Amino acid sequence: MSPMADLGELVDLLDLAVAAASGVSTPADREAAATIAAAQRRRRDYLGSAIVVAIAGGTGSGKSSLLNALAGEEIASTSPIRPHTNEPMAWAPSGDDTMWALLESMGISWIVDNSSMSSIALLDLPDIDSIVDDHRATVEELLPHIDAVIWVFDPVKYSDPTMHDDFLAPLVGYERQFLFALNKADLLEKADVLDINALDLVTEDLTKTLANDGFTDPEPFVVAADPASGPPTGIDELRDALDERLASKHAAAAKIIEDIGAAAKLLGREAGLSSGAGTGHAEQIAKSANNTAWVTRTLDGLDLGGPTTDRILADPTDRIAVAAALTERAELAAVIAAIAVACAELSAQLEAGTT
Ligand SMILES: Nc1nc2c(ncn2[C@@H]2O[C@H](COP(=O)(O)OP(=O)(O)O)[C@@H](O)[C@H]2O)c(=O)[nH]1
Ligand SMILES: [Mg+2]
């Protein structure tokens, strides 16, 4: 599988185009393109075409079990002996070099090759109920690079005040990225408390507790990732929710690709480079190299100032200045062409990208 291009690279190219356009495009067009690039850099999620989901929760809540259930295979080792996972591990699509590099930069060196679901990466985070401050810092560092966090609760510790007051409530600003899962439903399902089903009772109480933390309409998924008997339950609903997020991420990505493609075209517009990427530019530049009148007119029309432009306007037969101006255009044309190619590749990837 060839390495996937990602939106991050496309944003890099747009920045490169803005730089290459400094003597060519209008300040307004360059500013518009730079604003689009900067906005993408501020995004609070992973810019690739896959969705990156961290699984967080207290000791023994079932994070590793949930990762295994979502993956449909035994990835993270689970154990009844606590604490078990002391290092974050990831299950990430093979071939996505950018994501693997990202995971390594986040300090995740234990990466399991995910060949079955090319558009989802799952991170099994360390238990978070010990050393709360350190772990909250870890999660806060991760959040800008990932798409979602599944917070896992078990029926015994779901209302642990440390978890809610010291951990979740301070992170309420990230709620757009959060999903909640009540695990070990099998332990509650058959129990009644004063005629009320224990599972309903706990689900309702967890929902209320999360609302008290400050979350808007929290709706925990009810799952059994590793029930005492039988197969996992509730996993399909959770996976559907992740698929939905992946779909909306793809829709958002399609919009970004469109915006970046448009911004690149705008950068080339004034310089006559916006007719599309490819050989046309080279031809146009070669042709206009012998046409100082065209170059002068173009530069004059741009009203750019700058030493090269000033020199040509002062003396349209100044071949060195004309050559310099054309080089600037050729460089910009090359970056615009690279952007067009990357946009086409990414669009194709998005169209092919399903779980
Ligand atoms: N009954 C039951 N046990 C579970 C379920 N999910 C996990 N467990 C058990 O809970 C223990 C802790 O699970 P693990 O996934 O290692 O938790 P982690 O520490 O959060 O990664 C293990 O013994 C699991 O088998 C579940 O849905 N039902
Ligand atoms: Mg674990």
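Residues numbered from 1 in each chain as written. Chains lettered and ligands numbered in written order. Predicted model: local features only at pLDDT ≥ 70, side-chain atom pairs only at ≥ 80, totals over all residues.

It is worth spelling out the overall build of the protein chain at this point. Across its full length, the protein chain holds 13 helices and nine strands. The buried share of the protein chain, taken over its 355 residues, is 41%. Contacts in the protein chain between residues at least 24 apart in sequence constitute 75% of all its contacts with a sequence separation of at least 6. (Helix = DSSP H or I, 4+ residues; strand = E, 2+ residues; numbered from the N terminus. Buried ≥ 20, exposed ≤ 12 C-beta atoms within 10 Å, placed from the backbone. Contact = placed C-beta atoms within 7 Å.)

This part covers the sheet that holds strand β9 (residues 221-222). Picture the strands of a sheet paired through backbone hydrogen bonds; they go either parallel or antiparallel. Pairing is mixed in the open sheet, where seven strands are placed in the order β3-β2-β4-β1-β5-β6-β9. Each of the sheet's edge strands pairs with one partner strand only, and the pair in question is β3 (110-114) and β9. With five bridges joining them, strand β1 (residues 51-57) and strand β4 (residues 120-124) adopt parallel strand pairing. The residue of β4 that forms the bridge with I51 is I120. (Pairing = 2+ DSSP bridges.)

Attention now goes to the packing of helix α1 (residues 7-20) against helix α9 (residues 235-269). Interhelical geometry of α1 versus α9 gives an angle of 15 degrees and a closest axis separation of 10 Å. Of the possible angle classes, the one that applies to α1 and α9 is roughly parallel. The interaxial crossing formed by α1 with α9 has left-handed handedness. Together, L7, L10, L14 and A17 of α1 and A253, I256, I257, I260, A263, A264 and L267 of α9 make up the contact between the two elements. The residue makeup of the contact of α1 with α9, split by class, is 11 nonpolar, no polar and no charged. (Axes fitted to C-alpha atoms, helices over the stretch in contact; angles between N-to-C directions. Parallel < 35°, antiparallel > 145°, perpendicular 65-115°, else oblique. Left-handed = near helix turned anticlockwise from the far one by under 90°. Nonpolar A, V, L, I, M, F, W, Y, C, P; charged D, E, K, R; others polar.)

One non-glycine residue, K184, adopts positive backbone phi at about 65 degrees. Relative to the helices and strands, K184 is located in the loop between β6 (178-182) and α7 (186-189). The phi torsion at D217 lies on the positive side, around 45 degrees, for a residue other than glycine.

Here strand β2 (residues 89-93) pairs with β3 via five bridges, running parallel. Counted as the bridge partner of P93 is N114 from β3. Read as a crossover between parallel neighbours, the route from β2 over helix α4 (residues 97-105) to β3 is right-handed. (Right-handed = clockwise from strand over helix to strand, strands pointing away.)

The next subject is the pairing of strand β5 (residues 148-153). For β5, a buried count of six out of six residues is recorded, marking the element as mostly surrounded by other parts of the structure. Pairing analysis gives five bridges linking β1 to β5, with the strands arranged parallel. The residue of β5 that forms the bridge with I55 is I150. In this sheet, β6 lies alongside β5 in parallel orientation, the contact comprising five bridges. Paired with I150 across the two strands is L179, which belongs to β6.

What follows deals with the environment of S49. In this structure, S49 sits in the loop between α2 (27-41) and β1. Judged by the 24 C-beta atoms lying within 10 Å of it, S49 falls in the buried class.

Their axes nearest at 9 Å, the elements α2 and α9 cross at an angle of 155 degrees. For the element pair α2 / α9, the angle class is roughly antiparallel. Note that α2 runs across α9; the crossing there is left-handed. Contacts between α2 and α9 involve D29, R30, A32, A33, I36 and Q40 from the former and I256, D259, I260, A263, L266 and L267 from the latter. Residues that form the contact of α2 with α9 fall into these classes: eight nonpolar, one polar and three charged.

So, on to the confidence of the model for the protein chain. The predicted model of the protein chain has a mean per-residue pLDDT of 81, with 80% of residues at 70 or higher. Highest mean pLDDT in the protein chain belongs to β9 (98); lowest belongs to helix α10 (residues 279-289) (54). Taken together, the stretch residues 275-279 has pLDDT below 50 and engages in six contacts with residues farther than four places along the chain or on a different chain. (pLDDT = per-residue confidence, 0-100.)

This part takes up α2. Taking 1.5 Å of rise per residue, 15 residues should cover 21 Å, and α2 covers 21 Å from first to last C-alpha, within 8% of that figure. Residues R30, A33, I36 and A37 constitute the buried set of α2. For α2, the arc enclosing every buried residue in end-on projection is 125 degrees, short of the 170-degree limit, so these residues lie on one face. Residues of α2 that are exposed and point over 90 degrees away from its buried face: P27, A28, E31, T35 and A39. Against α1 and α9 lie the buried residues of α2. (Expected span 1.5 Å × (residues − 1). Arc of directions from axis to C-beta.)

If you look at the biggest cluster of nonpolar residues, it comprises 58 residues, and the most contacted ones within it are V53, I55 and A181. When near neighbours in sequence (up to four residues on either side) are disregarded, A181 contacts L66, I150, W151, V152, F153, P220, F221, V223 and L238. Counting residues in hydrophobic clusters, the runner-up holds 29 residues, among them L14, A33, A37 and I336. (Core = buried A, V, L, I, M, F, W, Y, C linked by C-beta atoms within 7 Å.)

Our focus in this paragraph is helix α3 (residues 63-71). Across the nine residues of α3, eight count as buried, placing the element largely inside the fold. Those residues of α3 that are buried lie in contact with β1, β2, β4, β5, β6 and α9.

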